[in-house]
Amino acid sequence: MTSDDAPATTTPEELELDVAESSGPGVDSIICTVRVPADPSSVGRVRHSLVTDLSARDLPEDLVGEAEIVASELLTNAVRHARPLSDGTIRVRWKIRGDVVEVEVTDGGGATVPKPAPRTVWLSSGRGLRIVRSMAHEWGVTEDRTGNVVWATLGGPSRRRAT
């Protein structure tokens, strides 16, 4: 096989997103924000950026893995079931305070409010929020002026009240 025939691979550099970092409330609080196209290809890019960031902060490996799964589920749901924000994107944030990570996804809203699907063996999809609920210390959905914010806190309680 020549180099022209080699399968195309994606390098980590091609996956990198422009993540904006800011200080959150409190001494140890950090907020990372990224806006991505409302497209399924964004899910893997966000996962990569989130794992890279959280791992670099020396957070526990199981917490990083749970945050990866939760971010993937929340963003996938937003891409599949909601409208994008007015600029055509979906906003993903992860907030870090000590060993607590809160992941939130903001979209332009949808026809229904996100909720876990009922337990059944017949559904081929719809288990994402049940997975999130099982991993999260707290989780919830809030509406703001732009649409829905679905959030989950891992590793301990958040500063929000679960809904």
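See above for the structure.
Everything numeric in this text was worked out from a predicted model, so none of it was measured.

Thresholds, definitions, all that
Residues numbered from 1 in each chain as written. Predicted model: local features only at pLDDT ≥ 70, side-chain atom pairs only at ≥ 80, totals over all residues. Heavy atoms only, no water. Axes fitted to C-alpha atoms, helices over the stretch in contact; angles between N-to-C directions. Helix = DSSP H or I, 4+ residues; strand = E, 2+ residues; numbered from the N terminus. Parallel < 35°, antiparallel > 145°, perpendicular 65-115°, else oblique. Left-handed = near helix turned anticlockwise from the far one by under 90°. Contact = heavy atoms within 4.5 Å. Nonpolar A, V, L, I, M, F, W, Y, C, P; charged D, E, K, R; others polar. Buried < 20%, exposed > 50% of the residue type's maximum accessible area, 1.4 Å probe, protein only. Pairing = 2+ DSSP bridges. Expected span 1.5 Å × (residues − 1).

J.: So what about the packing of helix α3 (residues 61-81) against helix α4 (residues 128-135)? Which residues, and what values?
T.: Relative orientation of the contacting elements α3 and α4 amounts to 150°, with a least axis distance of 9 Å. By the angle between their axes, α3 is roughly antiparallel relative to α4. Every pair of crossing elements has a handedness; the one defined by α3 and α4 is left-handed. Between α3 and α4, the residues in contact are Glu-66, Ile-69, Val-70, Glu-73, Leu-74 and Asn-77 and Gly-128, Leu-129, Ile-131, Val-132 and Met-135, respectively. Taken together, the residues of the contact of α3 with α4 break down into seven nonpolar, two polar and two charged.

J.: With reference to specific residues and values, describe unusual backbone geometry.
T.: Phi is positive for Asp-58, which is not a glycine, with a value near 60°. Structurally, Asp-58 is set in the loop between α2 (41-56) and α3. Using a relative accessible area of 69% as the deciding quantity, one classes Asp-58 as exposed.

J.: Describe the sheet that holds strand β3 (residues 89-97), naming the residues involved and giving the relevant values.
T.: Taken in spatial order, the six strands line up as β1-β2-β3-β4-β6-β5 in an open sheet, and their pairing is antiparallel. Edge positions in the sheet fall to β1 (20-23) and β5 (138-144), since each has one partner strand and no second. Here the strands of the sheet are splayed against their neighbours by 20° on average, with no regard to which way each runs. In terms of strand pairing, β1 meets strand β2 (residues 29-37) through four bridges, oriented antiparallel. Considered in β2, the bridge of Ser-23 is made with Ile-30.

J.: Give a detailed account of α3, specifying residues and quantitative values.
T.: Here α3 spans 30 Å end to end across 21 residues, near enough to the 30 Å set by a 1.5 Å rise per residue. Burial in α3 covers these residues: Leu-63, Val-64, Ala-67, Val-70, Ala-71, Ser-72, Leu-74, Leu-75, Thr-76, Ala-78 and Val-79. If you follow the buried residues of α3, they end up packed against β2, α2, β3, β4 (100-107), α4 and β6 (147-154).

J.: Outline the packing of α2 against α3, listing residues and values.
T.: Between two packed helices, the angle of one axis relative to the other and the distance separating the axes together describe the packing. Orientation of α2 relative to α3, taken along the N-to-C sense of each, is 155°, at an axis distance of 9 Å. By the angle between their axes, α2 is roughly antiparallel relative to α3. Regarding α2 and α3, the two cross each other, and that crossing is right-handed. Contact with α2, carried on its side by Ser-42, Val-43, Val-46, Arg-47, Leu-50, Val-51, Leu-54 and Ser-55, involves Val-64, Ala-67, Glu-68, Ala-71, Ser-72, Leu-75 and Thr-76 of α3 and no other residues of that element. Here the contact of α2 with α3 is built from residues that sort into nine nonpolar, four polar and two charged.

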